[in-house]
Every structure is written in C-alpha cells, then in structure tokens.
Amino acid sequence: MAISETPATGPSTSERGSGRTLRELSDLITPMTIRVAVTLRIPQKISEGELTAEALAAATNSDPDVLERILLHLVSVGVLTRDDDGRFGLTRVGDQLLLEDDGFANPDFLDLNTVVGRAELSFVRLPDVARSGDIVAYSAQYGTGFWDDLGNEPSSATHFDQVMADGMQKRVQEIAESYDWGALGSVVDVGGGNGTLLAGLLRAHPGLRGTVVDRDAGPATRTFREAGLTGRAAALSGSFLEPLPPGAGGYVVSRIQSDWNDADVRTILGHCAHAAGAAGRVIVVDEFAAEEGVRTDSETDLRMLMYYGGKERTMEQVRELAADVGLSVRSLRRAADWTIMELSSARDG
Ligand SMILES: C[S@@+](CC[C@H](N)C(=O)[O-])C[C@H]1O[C@@H](n2cnc3c(N)ncnc32)[C@H](O)[C@@H]1O
C-alpha cells in the first residue's frame, strides 16, 4: 500500500535537501515534540481557551515544567506562538494540527497512541533492521503485527480504511473502464478493505458479481448494503495467507503486494492462482515503483519495510514473483496513475 499519496517528484537527487541544514534534516526533537503535543491534545486545548502552560498541564494531566519546555520548543520552530503573558497560540502551521482529515497527513496519525503513530516510532529499530534485513520493526518493537494491532483499534481501522477508500475513489471509475471486468463474471477482491473498489466495479459492470475477502468483513458488508449491492456483492472475513474461495473469474490484488515480503507475496499470488485455476485471472492493481530509483518514493518504501517488512516494488519485480507461482502477464493497462496487471496460469498466456 502506498501510505503516502504524494509522488516523489521535484529536484534531482543531488539537489534534494538543499536549503535545509544537516541539523534540521537529522532532528528528532521537533517530530517528537509535535507528536507529544498531538497525543496530549494540546492544539485542541489551546483552541478551547486553555492558553498558559499551567492551564494546559492541568487540562492534559502533564508536568507543567516539562510541558512548558516542550511548548517553548514548538514556539521556536514556528508551530506555536507565545505572548508576553505566557499564553500559547497556534501558528498557521500549528492550525494544521486541528485538521479533521487530510489522508495520512491527518494529525490523528501523529498521536502516539494510535497504531500508525506507534508504527512511526518503530523507526528506532532501523539499525536492527539494517543489520538483519528480515526483522519487522513494528513486530519487534510491540510484540504484535501491524494488522493485528489495527484490528484491535476500531477507530484507527475505520480511519485507515477511509484513507484507502479516498485514494481508491479518485481512480475507481478509470479502473472500472480500463479493463473488461464484466467478462470475468465474478471477482474476489483479495484484501479489498471496505469494498470501495468492488462497489465501483459492480456499478460500472452490471453483470458482474463479487466478494471481498479481508480480515474483517464488516466494513465491506456495510459499503455494499449502503450502495444497494447486497444481491451481487458479499464480504468474507478471512486471510489471503490461507487458501481463497475458488472458482471466480478474477482475483483482484489491489495495493497489497508492497505490504509483504517476497515470500508472502508469492503465497498470496499463489493462493490467487490456485483459486483462479487455468481459466481465471489474477489482476494486480497498484502504483508500482518507477524503474529508475530517482523517482521512487523512499519514504513509503521505508515505511513498508518498518511497518510490515514489505517494500515498494517495480512492475518487473512483481512480474518475477508472479512467475515464481506460475503466473504470466497477459496484459498491462494504465488506469489514472496506477497500473492494471492481468496475470494468468494459462499456458497460452
Ligand atoms: C493497503 S490496504 C488495501 C485495501 C484495498 N485493496 C485498496 O486497494 O484500497 C491492505 C488491506 O489488506 C488487508 N489485510 C491485511 N492482512 C490481511 C490478511 N492476512 N488477509 C486478508 N486481508 C488482509 C487489510 O485489512 C487492508 O484492507
């Protein structure tokens, strides 16, 4: 999954970072103080009129001296203001901490008590990951995997699904029009989240039926009910690391592969291939990494590594993993800024 929606464009490698000092680039203090302020709900408290360090400490059950030192740092970097009477306010940058929603830039995800906030802290494990190559930082840090933790936190799970759905909603029409989904008869959307993609495909192809398989069938079930698609769409709770329901015409794998290591991607694609049989199709929908490293989204790539042991892959890398489980590419289509890679096990592929 591309957790950042921002393409890595702009200056060439040699120019990146220009205008910022090494000290700014390597600073951990500002990111942590911002995250602590969000975790303590300082921006909300300021907007509600708790303005002094003492009042904010009382309102957030914090130590007044330590909190004031954190707030003064945020003043020094332009997130907060402080007047002569010791009253804090939000700058234009600080105001962004009150945003209700801006995808993965939503300040909720800076909250250290949320699964995404915790996942970012797993970057302290980067030295171990760099040495071993196969430690999953999130699991090493917290003792459980990212997806299990997300499943245990309904509000974060809903928010995560919504961010995924928002990115999908922008492209679903084009995805639906760029491939003859109707010819498949039925599809299984493997890890289909809250069902936004499947609902879009079914609306555009009235003869198509489909099933989402995801860890929790609840969100997709609700989407299909609200969209009046219950007769043609279903959702199953299950894991794509286990065998999938067989016999559908197509198995869609949208924004899944980058969350997993190579062995798991082979397992997932292998289950799809097995369930699809010789007649079916496996259809990978994704924003692949560019072949040239220069434009690759390194932030997302490292997040995939730390959260899940995954990676951003080029189309060629996915094609090779698919080939390992007997799948070959039948067609490639562009849909908005994503690619639809149609695979099959058929020998005439
Ligand atoms: C990055 S999201 C992609 C969602 C959707 N396919 C899309 O493109 O918007 C990854 C999805 O994989 C699901 N997932 C994670 N582990 C899973 C597993 N073992 N079995 C089934 N689904 C899983 C998550 O719940 C989530 O919905």
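The structure this text deals with has already been given above.
Below is a short write-up of the structure. No experiment lies behind these values; they were computed from the predicted model shown. (Residues numbered from 1 in each chain as written. Predicted model: local features only at pLDDT ≥ 70, side-chain atom pairs only at ≥ 80, totals over all residues. Heavy atoms only, no water.)

Re the pairing of strand E5 (residues 233-237)
Link 1 in the chain: In this structure, strand E4 (residues 209-214) lies alongside E5, joined through 5 bridges in parallel fashion. Bridging across to E5, Asp214 finds its partner in Ser237.
Link 2 in the chain: After leaving E4, the chain enters helix H14 (residues 218-226) and then returns to the sheet as E5, a path that is right-handed. (Pairing = 2+ DSSP bridges. Helix = DSSP H or I, 4+ residues; strand = E, 2+ residues; numbered from the N terminus. Right-handed = clockwise from strand over helix to strand, strands pointing away.)

Regarding the packing of helix H2 (residues 29-39) against helix H5 (residues 64-76)
Link 1 in the chain: Put simply, H2 and H5 touch, their axes get as near as 10 Å, and they point 120 degrees apart. As far as their axial angle goes, H5 and H2 are oblique. Relative to H5, the crossing made by H2 is left-handed. Mapping the contact onto sequence places Ile29, Thr30, Thr33, Ile34, Val36 and Ala37 in H2 and Ile70, His73 and Leu74 in H5. (Axes fitted to C-alpha atoms, helices over the stretch in contact; angles between N-to-C directions. Parallel < 35°, antiparallel > 145°, perpendicular 65-115°, else oblique. Left-handed = near helix turned anticlockwise from the far one by under 90°. Contact = heavy atoms within 4.5 Å.)

Things to note about the environment of Glu120
Link 1 in the chain: Inspection of the secondary structure assignment puts Glu120 in helix H7 (residues 115-121).
Link 2 in the chain: Separated by 177 residues in sequence, Glu120 and Asp297 place their C-alpha atoms 16 Å apart.
Link 3 in the chain: Not counting the four nearest positions on each side in its chain, Glu120 is found in contact with Arg35, Arg303 and Tyr307.
Link 4 in the chain: Reaching out from Glu120, the side chain makes a polar contact with the side chain of Arg303 at a distance of 2.6 Å. (Polar contact = N/O pair within 3.5 Å; in protein donor to acceptor, adjacent residues only side chain to side chain.)

Describing the packing of aromatic side chains
Link 1 in the chain: Tallied over the full model, the rule gives 11 aromatic pairs.
Link 2 in the chain: On the numbers, 5.7 Å between centres and 65 degrees between planes, the contact of Tyr307 with Tyr308 is edge-to-face.
Link 3 in the chain: For Tyr307, a relative accessible area of 1% translates into the label buried.
Link 4 in the chain: Among the aromatic residues, those joined into a cluster by ring pairs are Tyr138, Tyr142, Phe146, Trp147, Phe160, Tyr307 and Tyr308. (Phe/Tyr/Trp six-rings, centres within 6.5 Å; stacked < 30°, edge-to-face > 60°. Buried < 20%, exposed > 50% of the residue type's maximum accessible area, 1.4 Å probe, protein only.)

Focus on H14
Link 1 in the chain: Of all the residues in H14, the buried ones are Pro219, Ala220, Thr223 and Phe224. Buried residues along H14 cover an arc of 130 degrees about the axis, so they all sit on one side. The exposed set on the far side of H14, more than 90 degrees from its buried face, consists of Arg225 and Glu226.
Link 2 in the chain: After H14 finishes, the residue Gly228 shows a positive phi value of roughly 65 degrees. (Arc of directions from axis to C-beta.)

Observations concerning the packing of helix H15 (residues 262-276) against helix H17 (residues 315-324)
Link 1 in the chain: Close contact between H15 and H17 brings their axes to 9 Å; oriented N to C, the two are set at 60 degrees. Of the possible angle classes, the one that applies to H15 and H17 is oblique. Considering how the two elements wind past one another, H15 and H17 form a crossing that is right-handed. Within the contact between the two elements, H15 uses Asp262, Val265, Arg266 and Leu269 and H17 uses Leu321, Ala322 and Asp324.
Link 2 in the chain: Residues of the contact of H15 with H17, tallied by class, amount to 4 nonpolar, no polar and 3 charged. (Nonpolar A, V, L, I, M, F, W, Y, C, P; charged D, E, K, R; others polar.)

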